[in-house]
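# Summary of the model geometry
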Amino acid sequence: MPSYPKDWIRDLVDRKLPWQLTKQMMSEFKDENRFDHYLAVLQERVPWDDAILLPLGEHLFIVQKEGGERVVKCDCGQEFGDYRENWKLEALVYIRDTREKLDEIYPGHRKCDPEWMELREFYCPGCATQLEVEAVTPGYPLIFDFLPDLEVFYRDWLGREL
Ligand SMILES: [Zn+2]
């Protein structure tokens, strides 16, 4: 099984890995230590020390705090509470539910009907980064994107206990 240098993974995350190397990585079996290199690359970029257990998006992570608590955290340091709860409940929300607000995103012929769809934009209260966008019918419940089984993932996929 191949093992790629951490620098390759860093370049991959930064979208700077040359296409030939990217294609080679895509064509081979996934390297055994990829996840650890990936976490290490992510960890060296954040200004805090809580251990990243799993990324949830480009800016959000599930982290392990010193007391053992596992929370969702933005790369700016903003925390959104227990990872088993929907972090969107702690985010700032901008809802595009009128023709005018939707036209800013879908101008011209690509218009969508506010009777049928609204856009919910979620922002970090700490750094104002847009974290997620939902396109749903009006009144639809907040979508809980992802609830990983961390223990099983670490035990069965990584071969170690959390
Ligand atoms: Zn933030």
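For the structure, see preceding data.
Residues numbered from 1 in each chain as written. Predicted model: local features only at pLDDT ≥ 70, side-chain atom pairs only at ≥ 80, totals over all residues. Heavy atoms only, no water.

## A few points about the overall build of the chain
For the chain, the count of helices and strands is 5 helices and 7 strands. In terms of principal-axis extent, the alpha carbons of the chain reach across some 55 × 45 × 30 Å. Looking at the chain as a whole, 31% of its 162 residues are labelled buried. Residue pairs in contact within the chain that sit at least 24 positions apart in sequence constitute 41% of those at least 6 positions apart. Accessible surface for the chain amounts to roughly 10,200 Å². Of this, 52% is attributable to carbon and sulfur atoms. (Helix = DSSP H or I, 4+ residues; strand = E, 2+ residues; numbered from the N terminus. Buried < 20%, exposed > 50% of the residue type's maximum accessible area, 1.4 Å probe, protein only. Contact = heavy atoms within 4.5 Å. Areas by Shrake-Rupley, 256 points an atom, 1.4 Å probe, with all protein chains shown as cover.)

## Concerning the coordination of the zinc ion
Protein coordination at the zinc ion: the donors are Cys74 (SG), Cys76 (SG), Cys124 (SG) and Cys127 (SG), at 2.3 Å from the metal. For the zinc ion, the 4 donor atoms are set out with angles of 107 to 111 degrees between them, so the coordination reads as tetrahedral. On the primary sequence, the residues serving as donors to the zinc ion are separated as C-x1-C-x47-C-x2-C. With cysteine 76 in the loop between strand 3 (70-74) and strand 4 (79-82) and cysteine 124 in the loop between strand 6 (118-123) and strand 7 (130-136), this pair connects stretches of sequence that are 48 residues apart. By relative accessible area, which is 0% here, cysteine 124 ends up buried. (Donors = N, O, S within 2.8 Å, 3.2 Å for Na, K, Ca; no water. Tetrahedral: all angles 85-135°; square planar, octahedral: opposite > 155°, others 65-115°.)

## Some words on the side chain of asparagine 86
Along the chain, the position of asparagine 86 falls in the loop between strand 4 and strand 5 (92-96). If near-sequence neighbours (up to four positions away) are discounted, asparagine 86 is found in contact with Leu142, Ile143 and Phe144.

## Some points on the sheet that holds strand 5
The strands that make up a sheet pair up through hydrogen bonds in the backbone, lying either parallel or antiparallel. On the basis of which strands lie adjacent, the open sheet formed by 3 strands has the order 5-6-7 and antiparallel pairing. Where the open sheet ends on each side, the last strands, each with one partner, are strand 5 and strand 7. Pairwise comparison of adjacent strand axes, ignoring direction, gives a mean angle of 20 degrees for this sheet. Here strand 6 pairs with strand 7 via 6 bridges, running antiparallel. Looking across to strand 7, one finds that glutamate 121 is bridged to valine 133. (Pairing = 2+ DSSP bridges. Axes fitted to C-alpha atoms, helices over the stretch in contact; angles between N-to-C directions.)

## Considering the side chain of glutamate 134
Here glutamate 134 shows up in strand 7. Within polar-contact distance, the side chain of glutamate 134 engages the backbone nitrogen of isoleucine 143 at 2.9 Å. (Polar contact = N/O pair within 3.5 Å; in protein donor to acceptor, adjacent residues only side chain to side chain.)

## Quick notes on the sheet that holds strand 3
Taken together, 4 strands build an open sheet; the order of strands is 1-2-3-4 and the sheet is antiparallel. At either end of the open sheet lies a strand with only one pairing partner, and these are strand 1 (51-55) and strand 4. Averaged over all pairs of adjacent strands, the angle between strand axes in this sheet comes to 30 degrees, irrespective of strand direction. Direction of pairing for strand 1 relative to strand 2 (residues 60-64): antiparallel, over a ladder of 4 bridges. Counted as the bridge partner of isoleucine 52 is valine 63 from strand 2. Seen against the sheet, helix 5 (residues 150-157) touches strand 1, strand 2 and strand 3 and runs at an angle of roughly 90 degrees to strand 1.

## Considering the packing of aromatic side chains
On inspection of all chains with the given rule, the structure shows 7 aromatic pairs. Relative to phenylalanine 61, the ring of tryptophan 48 has its centre 5.9 Å away and its plane inclined at 70 degrees; by these criteria the two rings are edge-to-face. A residue pair is termed long-range when its members are at least 10 positions apart, and tryptophan 48 in the loop between helix 3 (34-43) and strand 1 and phenylalanine 61 in strand 2 qualify at 13 residues. As far as burial versus exposure is concerned, tryptophan 48 and phenylalanine 61 are alike and both buried. With centroids separated by 5.6 Å and ring planes inclined at 85 degrees, the aromatic side chains of phenylalanine 153 and tyrosine 154 adopt a geometry described as edge-to-face. (Phe/Tyr/Trp six-rings, centres within 6.5 Å; stacked < 30°, edge-to-face > 60°.)

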